[in-house]
Amino acid sequence: MNLFSSSTLSALEKGLYGASLQQRAISQNIANVDTPNYKAKKVNFQKVFDEALSNTRLQAKRTHEKHIAFNRSQGSSPVETIRQTAYNHNGNNVDVDLEMTELAKNQIYYNALIERVNGNFNSLQTVIRGGR
């Protein structure tokens, strides 16, 4: 029996993974704010979420090649490059104000997930100690 394989902890782990990807993308964007022709990156949370769901779904056996596959994961990276815009004269499209806002939102999201993980571990600790 594995105490740490609960679906709640698994979902929280996937959320933390998405938040860390977002943090890296935002950090790269801010670090390259003055780099000519640099294009901002963003994390597509829908891809991260779909991938997390596809990993937890039941697998079904396909009896014919024309049947629709249950696992819809594309295997592509959830980090996308935004190429449609250019805010600066040098071809760079990083908006520092937007990135700082996204950084603050991501930090709040990450902290909320960490609080939830801590709550789960505190509950386990209470059970182990016999309710004391």
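Coordinates for the structure precede this section.
Criteria and thresholds
Residues numbered from 1 in each chain as written. Predicted model: local features only at pLDDT ≥ 70, side-chain atom pairs only at ≥ 80, totals over all residues. Heavy atoms only, no water. Helix = DSSP H or I, 4+ residues; strand = E, 2+ residues; numbered from the N terminus. Buried < 20%, exposed > 50% of the residue type's maximum accessible area, 1.4 Å probe, protein only. Salt bridge = Lys/Arg side-chain N within 4 Å of Asp/Glu carboxyl O. Core = buried A, V, L, I, M, F, W, Y, C linked by side-chain atoms within 4.5 Å. Contact = heavy atoms within 4.5 Å. Polar contact = N/O pair within 3.5 Å; in protein donor to acceptor, adjacent residues only side chain to side chain.

**Details of the overall build of the chain**
Inference 1: A count of helical and extended segments in the chain gives 3 helices and 2 strands.
Inference 2: The buried share of the chain, reckoned over its 132 residues, is 22%.

**Quick notes on the pattern of salt bridges**
For side chains of opposite charge, pairing can occur when their charged atoms come near one another.
Inference 1: What the rule picks out here adds up to 1 salt bridge.
Inference 2: Of the charged contacts, one joins Lys105 and Glu102 as a salt bridge, the two residues approaching to 3.2 Å between their closest N and O atoms. In this pair, Lys105 and Glu102 are both assigned in helix α3 (residues 96-128), 3 residues apart and thus about one turn of the helix distant.
Inference 3: You can call Lys105 partly exposed: its relative accessible area is 48%.

**Remarks on the nonpolar core**
Inference 1: If you look at the biggest cluster of nonpolar residues, it comprises 5 residues: Leu9, Leu12, Leu16, Leu113 and Val117.
Inference 2: Going through the elements one at a time, α1 (7-31) and α3 are the ones with two or more residues in this core.
Inference 3: Top element by residues in this core is α1. It accounts for 3 residues.
Inference 4: Aside from chain neighbours lying at most four places away, what touches Leu113 is Leu12, Gly15 and Leu16.

**Brief notes about the environment of Ile82**
Inference 1: Locating Ile82 in the fold gives a position in the loop between β2 (79-81) and α3.
Inference 2: Along the backbone, Ile82 and Lys42 are 40 residues apart, and their C-alpha atoms lie at a distance of 7.3 Å.
Inference 3: Discounting chain neighbours no more than four positions away, the residues touching Ile82 are Lys39, Ala40, Lys42 and Asn93.

**Here's the deal with the side chain of Asn92**
Inference 1: In this fold, Asn92 is placed in the loop between β2 and α3.
Inference 2: Here the side chain of Asn92 touches Val33 through a polar contact of 3.0 Å, landing on its backbone oxygen.
Inference 3: In this structure the side chain of Asn92 is engaged in a polar contact, spanning 2.7 Å, whose partner is the backbone nitrogen of Val94.

**With respect to unusual backbone geometry**
Inference 1: Positioned with a positive phi, Asn37 is a non-glycine residue whose angle comes to about 65°.
Inference 2: Along the chain, Asn37 turns up in the loop between α1 and β1 (41-43).

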